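Here are the chains, one letter per residue:
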Amino acid sequence: MSAGFLDIDCVKYACTCGLLKTLQQLYFCRYCSELRCTFCVSHEVDSHFCGKCCENLPSAEARVKKNRCVNCFICPSCRQELSTRAASKQPANPEESKATKRTYYLSCLCCRWSSRDIGLPDQTAATGSWPKRESIHSNRIQEIVSMYKGLQEKEKLDKEFFKKKQKEKIISYTDKTGITAAALRKRIGLPEDKPILKPKNAVKIVTPSKADENIDDFDEEVLTKSINLLEITSIDQRLLQPDVQPKEISNIFPIQKILSIKRSLRCRRCEHNVSKPEYNPNSIKFKIQLFAYYHIPEVRIVTVEPLRAGQACELILKFTNPTQHQTTVSFLPFDSPIEVKEAIPEEGAISQEDSLEELDKSSLTPSKKKSSSGTKLMSLVDTHITLTTSRSSARALSPRSIAESINCTVDIPSSTFILPPRDDAAEYDDFNEVHNIQDDKKLVVWRKSNKAYIKLVVTPNEDMPIDTTVTTGFTMSHLYTNTIASVADNKKPQKFNHNMRVILKLGKSVGLN
Amino acid sequence: MPLYEVEKSTIVLDIGTAYTKFGFTGEPVPRSIFRTQVKSKGQLRSLLDYQDSQDLYDMLVDFFHDIYFKYALNSPKDKPIVIVESLLCPIIFRESVAKVLFKHYGISSLLLLSSHLVSLATLAVETALVLDVGYKEAVCIPICYGLPMINAWQSLDLGSCSIHRNLQSLLYEKNSGAESLSEWILEDIKVRCCFVTKRSRAEQLSLSKPELGPCPEVKYPVEGNSILRVTGTIREKAYEILFDEDNDHLCLPTMILDALMKVNVDLRNQLAENILLIGGTTMAMGFKSRLKEELLHHMKEERYRKLNIKCFKFHASPSKENYTAWLGGAIYGATDWLNTKALTKDEYFEDNRLPDWSDLKYNTRRP
Ligand SMILES: [Zn+2]
Ligand SMILES: [Zn+2]
Ligand SMILES: [Zn+2]
Ligand SMILES: [Zn+2]
C-alpha cells in the first residue's frame, strides 16, 4: 500500500474504544464529545422491509410472518431472487371463451430454474397465492411442548404443596395436644398420607417415541445405478429447506425471501442516537447522522520524502476543518494520555439531556425516570445507585490498546495552527483570498479557505529493514465547539480541546542512496 | 403457534463446529442452518479457528451481529436467548459467548442446555443412549431417567472432518491435484456421491482383490476446468474410517458398547433398545443399518461378552438428525425453564463468569 493523496486507508483515527478506523467510518457523539464506531455503539432494529418489493412491515407483523416476505421468493437452486413470469394459456376448447387466461409462474433469471421444473402448477394470481408448506412433525412437536409445559406447572404446584405441608408440620408439632396424626403414622411405619395432586389442567402425556430394530436406510439401487450429479442437490441447497433437506433437485421448493432491516445506532454511554434512518425503505436519508467526518478535522497525506532508516524526512499533511467554527490544531506525542470520560453520566448531564427530549424521545431510560420522580428515601437512593452502576458496567465496553506499533517518530512541533471555518461559497472564489492569519512559516506551508498544508519531520527507526511499512502517529488536539448545549440552554457554545490519536501509514522504507 | 406466543418467542441457537442451527422457541424447524463462520479481517473464517480470546471475542461479536440483524431481525438488548451446547465445548468458548452476549449485547438472560440431554425431549422419553456424530468428534452419553451418566461418556475424533481427510487421500490415489481440494468441495463430493456401504462389501473392498463389482463411477467437475474421478470404491470407502478400529481398537460402534459397559447391568438392555443418533454425519445413506450391523458384529468379541445384549433399537426423532439437538432446545426454551433456570444478567455480573457445568442449577432432571 503506497501512501497517496486519494488513498484514505493510510490515515486511521483511534476510536474511543481503541479500534483503528478511517474518519469516514467513525461517528462523533455530540453529547459525550467522543468518537464512536460501529463496534462500540449499540445497534437496534428500526424497521423491517423487503429488499425486493420494498414493502414496509411493522415489526409485530414481520414477526408473525416469520421475517419473510409473502410475495417475494428466492431461487432454491442458486439463491437469486425469482421473478414472476406471466404466461397466457389458450383455452382447451377455442369456442368456450375467446379471452386467453393469464397464469403466473416463478422463474430464475440467473440459473433458469422455474417453478414448472418441479411440477408446481401455474397460479392465477401474480402474488400471494403460492402454496405454503408446514413441517409434517409440527403437530407432534406442539403436543410435546404442551406436555412439558404442563409437567412444569404440575411440579410447581407439587413444590408449593410440599412447602405448605412442611409449614403445617411445624405448627402441629408445637401443638399443645401433643402428638399429631402425621407423626403417629410415621411412628407406626405407615406411609405418609399423600393426597392426590390435581393440577389445574390434567397434563396430556404424549406417547413416547418407540425405538425400532428394523432399519431400512440403504437403497440397493445405489450399487448398480449410475448417478447424475445434476439431479442431486448440494448441501447448501438442502439446508435452504431445513425441514425437508431434499436430496433430489426435483424436490426443491421456492423459498420466501428473508426481510431486511434498517438499524439505528445508539451511543452506549449517553444513549443518544448517533445514527437513525428514515422509516421509508426507499429513502436513503437519515433523521440523525453524527458522522465524525462533519466534526473532526480530516488529515490526508500529501507527500513524503523517501523513507530511510534513521534519516529525517519531510512529510506534508493536509488538514481540513469541516465545521462552521474556527479551530486551532496542535500536536502532542502519540503516547500522551487521553482522558476518557467516566462511564456514568453525571446528574447535570441528565438534566441537560432531558431538555433535549424533543430531539430524541426514546433516550429516556427507566433509571432516569426513577431519579426524576423525586423520592428521596435513603433505601431507594441506594437501589438507584446500584441499578445505574450495574447497568453501566453492563453497557460500558472497556477500551483496548491500539493494535498497531509505531516504527517512526515525529518531531512534535511546539507551535499550533488555525483552521478557519468551512465556507461553501469560498470554494468558488478562486481569487482574492485574503487571510490575516499569523502562521508559523516552518509549520504551515500553504493554506486556502478551511484547509492548511502542514510540514512535519519524521524519522523512521534506526534498525528498520528495507521494504518495511513505515507507521507513524501523533495525538491531534483540536478546539471543538459544541453547539448542543447552547441550543438547549441559550448559553454560549462550549469550546474545549478534543484529543485523538492519528496513525499514518507512510509507505515502504527504501535503502540508502 | 398462537399469536400471543409468537410475541414471546426467543432465539434458540445450536452453534456447531461446521454449521449453526438458528430458530425460535416452540417452533418445529430451525429458520436457518448456515456455516459457523464470520467475515473477519477481510476473509471468511470459521468461528472455532480463533487465535486468542480477544480474537474469539471479536469474531463472536460479528457472529452474533449476523444472528440478530441478518436472521432474527431483532434487537438483542434485554431479551433472553437459548443456546444448546456440547458437554465438550471448550471453556474459553462458553465464557466468551456469555461475555459477548451479556456485555456487548446486553441480553437479559442466557439458558445454556446440553445437546445430549435436550435431544431426548424430541422423543418424549427419559432414558436413551445418545450418540452425536458431528464435524470434529463423536460423543456418546447414556442418559437415564433424565440424568446424563457422565462417568460413562465416550468420545473419539471421528466425524465429518476425519471422513473428509479419508476421502481426500482416497481421491489423491486416483487424481493428481486432489490434495488442494477445499473442505467445501470435499464435503460436496461426500454428500452427493458417497454412502455407507454394507459390512459384507466393506470387508471385500478392504482385500487386495475384491470379488465384487464396484458401484458406478462419478465424474465430478471441479471449478469448471477439470474432472475428478470419484470411483465406485472411493464412494463406498469414504465413510469406512468411522468403522475401522484404531490402534486402541476403538471405533464408532465400540463407543456405544464401551458406554454400555460402564453403566449399571440392569440399565444396559434398556439403553441398547433406546439409541438416538444425532448430528449431520448420521444422516448419510446406510449409516444406521451399518452401525447396527457393526454393533452386532462387535458383540461377538470377547471384551463385550459380559454385555449380554440381544438387540439394538434406534429412535427416529421428529426432525432431521442435524437439528435434533436444536429442536430439543426449542422445546425446553418454550417452557418455564426460560424464566426459572436461565442465568440472568445480574447473576452473571456478580462474578463476571459462568458457573461450572457441574454446579449449574439447571443441570438436573427433566423440566
Ligand atoms: Zn469504537
Ligand atoms: Zn417482497
Ligand atoms: Zn436460480
Ligand atoms: Zn454519547
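Rules of the game
Residues numbered from 1 in each chain as written. Chains lettered and ligands numbered in written order. Predicted model: local features only at pLDDT ≥ 70, side-chain atom pairs only at ≥ 80, totals over all residues. Heavy atoms only, no water. Domains from an automatic or database assignment. Pairing = 2+ DSSP bridges. Helix = DSSP H or I, 4+ residues; strand = E, 2+ residues; numbered from the N terminus. Donors = N, O, S within 2.8 Å, 3.2 Å for Na, K, Ca; no water. Tetrahedral: all angles 85-135°; square planar, octahedral: opposite > 155°, others 65-115°. Buried < 20%, exposed > 50% of the residue type's maximum accessible area, 1.4 Å probe, protein only. Salt bridge = Lys/Arg side-chain N within 4 Å of Asp/Glu carboxyl O. Core = buried A, V, L, I, M, F, W, Y, C linked by side-chain atoms within 4.5 Å. Contact = heavy atoms within 4.5 Å. pLDDT = per-residue confidence, 0-100. Buried area = accessible area lost by both parts, 1.4 Å probe. Polar contact = N/O pair within 3.5 Å; in protein donor to acceptor, adjacent residues only side chain to side chain. Arc of directions from axis to C-beta. 1 Å grid on protein atoms, 1.4 Å probe; cavity = no way out; pocket = protein on both sides within 12 Å on 5 of 7 lines; lining within 4 Å. Points joined across faces, edges and corners; volume = space filled by probe spheres on them. Axes fitted to C-alpha atoms, helices over the stretch in contact; angles between N-to-C directions.

Digging into the domain arrangement of chain B
- Each assigned domain of chain B is listed here: domain 1 (3-119 + 322-362), domain 2 (125-158 + 246-307) and domain 3 (160-242).
- Centre-to-centre, using C-alpha coordinates, domain 1 of chain B lies 36 Å away from domain 3 of chain B.

Some thoughts on the sheet that holds strand 15 (residues 343-344) of chain B
Residue and element names in this part refer to chain B.
- Taken in spatial order, the 6 strands of this open sheet run 3-2-1-6-7-15, and their pairing is mixed. The open sheet has two edge strands with one neighbour each: strand 3 (32-35) and strand 15.
- When strand 1 (residues 11-15) meets strand 2 (residues 19-24), the two strands line up antiparallel, connected through 5 bridges. Across the sheet, residue Asp14 finds its bridge partner in strand 2, namely Lys21.

Quick look at the coordination of the zinc ion (ligand 4)
All names here are of chain A.
- Within the first shell, the zinc ion (ligand 4) binds the protein through Cys29 (SG), Cys32 (SG), Cys267 (SG) and Cys270 (SG), at distances of 2.2 to 2.3 Å.
- For the zinc ion (ligand 4), the 4 donor atoms in the first shell make angles of 100 to 119 degrees at the metal, so the coordination geometry reads as tetrahedral.
- In primary-sequence terms, the residues that donate to the zinc ion (ligand 4) follow C-x2-C-x234-C-x2-C. Of this pair, Cys29 sits in strand 3 (residues 27-29) while Cys267 sits in strand 11 (residues 260-267), and the two are 238 residues apart along the sequence.
- Residue classification places Cys267 among the buried residues on the basis of a relative accessible area of 0%.

Observations regarding the pattern of salt bridges
- Taken as a whole and judged by the stated rule, the model has 34 salt bridges over all chains.
- Where A:Lys154 meets A:Asp158, a salt bridge forms, and the shortest distance between an N and an O atom there is 3.9 Å. Of this pair, A:Lys154 and A:Asp158 both sit in helix 2 (residues 138-173), 4 residues apart, which is roughly one turn of that helix.
- Salt-bridge contacts for A:Glu298 lead to A:Arg300; the nearest nitrogen and oxygen are separated by 2.9 Å. Taken individually, A:Glu298 and A:Arg300 each receive the classification buried, so the pair is uniform in this respect.
- Salt bridges here are not isolated pairs; linked through shared partners, they connect B:Arg199, B:Glu203, B:Glu240, B:Arg290 and B:Glu294.

Regarding the nonpolar core
- With 89 residues, the main nonpolar core has A:Phe319 and B:Phe64 as its most contacted residues.
- For this core, the element with the highest residue contribution is helix 2 (residues 53-72) of chain B, accounting for 12 residues.
- The contacts of A:Phe319, once residues within four sequence positions are left out, are A:Glu298, A:Val299, A:Val329, A:Phe331, A:Phe417, A:Leu419, A:Asn450, A:Lys451, A:Ala452, A:Ile454, A:Phe474 and A:Met476.
- In terms of nonpolar packing, the next biggest core, distinct from the first, is built from 54 residues, B:Leu158, B:Ile163, B:Leu167 and B:Phe243 among them.

Observations regarding the confidence of the model for chain A
All names here are of chain A.
- Looking at chain A as a whole, its pLDDT mean stands at 79, while 75% of the residues score no less than 70.
- Within the model, pLDDT remains below 50 along residues 189-197, and this stretch shows 10 contacts once partners closer than five positions in the same chain are excluded.
- For the stretch residues 342-394, pLDDT sits under 50, and the model shows 48 contacts to residues farther than four places along the chain or on other chains.

Overview of the coordination of the zinc ion (ligand 1)
Residues and elements named next belong to chain A.
- Ligation of the zinc ion (ligand 1) by protein atoms is provided by Cys15 (SG), Cys17 (SG), Cys37 (SG) and Cys40 (SG), these donors lying 2.2 to 2.3 Å from the ion.
- Taken together, the 4 donor atoms surrounding the zinc ion (ligand 1) define angles of 106 to 112 degrees at the centre, an arrangement classified as tetrahedral.
- Of note, the donors binding the zinc ion (ligand 1) are all from one chain and are spaced C-x1-C-x19-C-x2-C. Of this pair, Cys17 sits in the loop between strand 1 (11-14) and strand 2 (20-21) while Cys40 sits in the loop between strand 4 (34-36) and strand 5 (41-49), placing them 23 residues apart in sequence. Here Cys17 and Cys40 have matching classes, each one buried.

Comments concerning the interface of chain A and chain B
- If you look at the interface, chain A gives 68 residues, while chain B gives 87 residues.
- Buried area between chain A and chain B, summed over both chains or domains, comes out near 6600 Å², and the portion from carbon and sulfur atoms is 58%.
- Across the chain A-chain B interface, the total number found is 5 salt bridges.
- Among the ionic pairs, A:Lys156 bridges to B:Asp336, the shortest N-O distance being 3.3 Å.
- Taken together, the links from chain A to chain B amount to 27 residue pairs in polar contact (both at pLDDT 80 or more).
- Those elements that provide at least two residues to the side of chain A that touches chain B are strand 5, helix 1 (59-64), helix 2, helix 4 (235-239), strand 11 and helix 7 (378-395) of chain A.

Description of the pairing of strand 22 (residues 494-508) of chain A
Residues and elements named next belong to chain A.
- With 3 bridges joining them, strand 1 and strand 22 adopt antiparallel strand pairing. Bridging from a neighbouring strand, Lys12 pairs with Ile503 of strand 22.
- Bridge analysis of strand 21 (residues 469-482) against strand 22 gives 14 bridges, and the strand direction is antiparallel. Within strand 22, the position partnered with Ser477 by the bridge is Asn499.

Description of unusual backbone geometry
All names here are of chain B.
- Positioned with a positive phi, Leu73 is a non-glycine residue whose angle comes to about 50 degrees.
- Mapped onto the elements of the fold, Leu73 is located in the loop between helix 2 and strand 6 (80-85).
- Residue Leu73 is classed as buried on the basis of its relative accessible area of 3%.
- Positive phi outside glycine occurs at Ala124, with the angle close to 60 degrees.
- Here Ala124 shows up in the loop between helix 4 (115-119) and strand 8 (128-133).

Some thoughts on helix 10 (residues 265-272) of chain B
- Residues of helix 10 of chain B that are buried include every one of B:Leu267, B:Arg268, B:Leu271 and B:Ala272, and no others. Buried residues of helix 10 of chain B, seen end-on, are gathered within an arc of 125 degrees and therefore sit on one face of the element.

Quick notes on the confidence of the model for chain B
- Mean pLDDT over chain B stands at 90; residues scoring 70 or higher make up 95%.
- In the model output, the complex is listed with pTM 0.86 alongside ipTM 0.92.

Examining the layout of surface pockets
- When its volume is computed, the second largest pocket comes out at roughly 1200 Å³.
- If you go around the second largest pocket, you meet 41 residues; those closest to its centre are A:Lys66, A:Arg68, A:Arg133, A:Glu134 and A:Gln256.
- Contributing elements (two or more residues each) for the lining of the second largest pocket: helix 1, strand 7 (68-74), helix 2 and strand 10 (255-258) of chain A together with helix 1 (3-8) of chain B.
- Among the elements that line the lining of the second largest pocket, the one with the most residues is helix 2 of chain A, at 4 residues.

Brief notes about the environment of B:Tyr145
- Counting through the fold element by element, B:Tyr145 comes out in the loop between strand 9 (138-144) and strand 10 (147-148).
- Note: C-alpha distance between B:Tyr145 and B:Val125 (20 residues apart in sequence) is 8.4 Å.

Quick notes on the sheet that holds strand 12 (residues 273-277) of chain A
- A sheet is described by the order of its strands in space; here 5 strands give the open sequence 6-5-11-12-13 (chain A), paired in antiparallel fashion. Two strands close off the open sheet at either side, each with one partner strand: strand 6 (56-57) and strand 13 (286-289) of chain A.
- For strand 12 of chain A and strand 13 of chain A, the ladder comprises 3 bridges, and the chain directions are antiparallel. Counted as the bridge partner of A:Lys276 is A:Ile288 from strand 13 of chain A.
- Its contacts with the sheet place helix 2 of chain B against strand 5 and strand 11 of chain A, and it is angled at close to 25 degrees to strand 5 of chain A.

Focus on the environment of B:Leu129
All names here are of chain B.
- By the secondary structure assignment, Leu129 is in strand 8.
- Assessed through its relative accessible area of 0%, Leu129 is described here as buried.
- C-alpha of Leu129 to C-alpha of Asp49: the two residues are 80 residues apart in sequence and 31 Å apart in space.

Topic: the side chain of A:Ser275
- Here A:Ser275 lies in strand 12.
- Not counting residues up to four positions away in its chain, the partners in contact with A:Ser275 are A:Tyr27, A:Ser264, A:Leu265, A:Phe286, A:Ile288 and A:Gln289.

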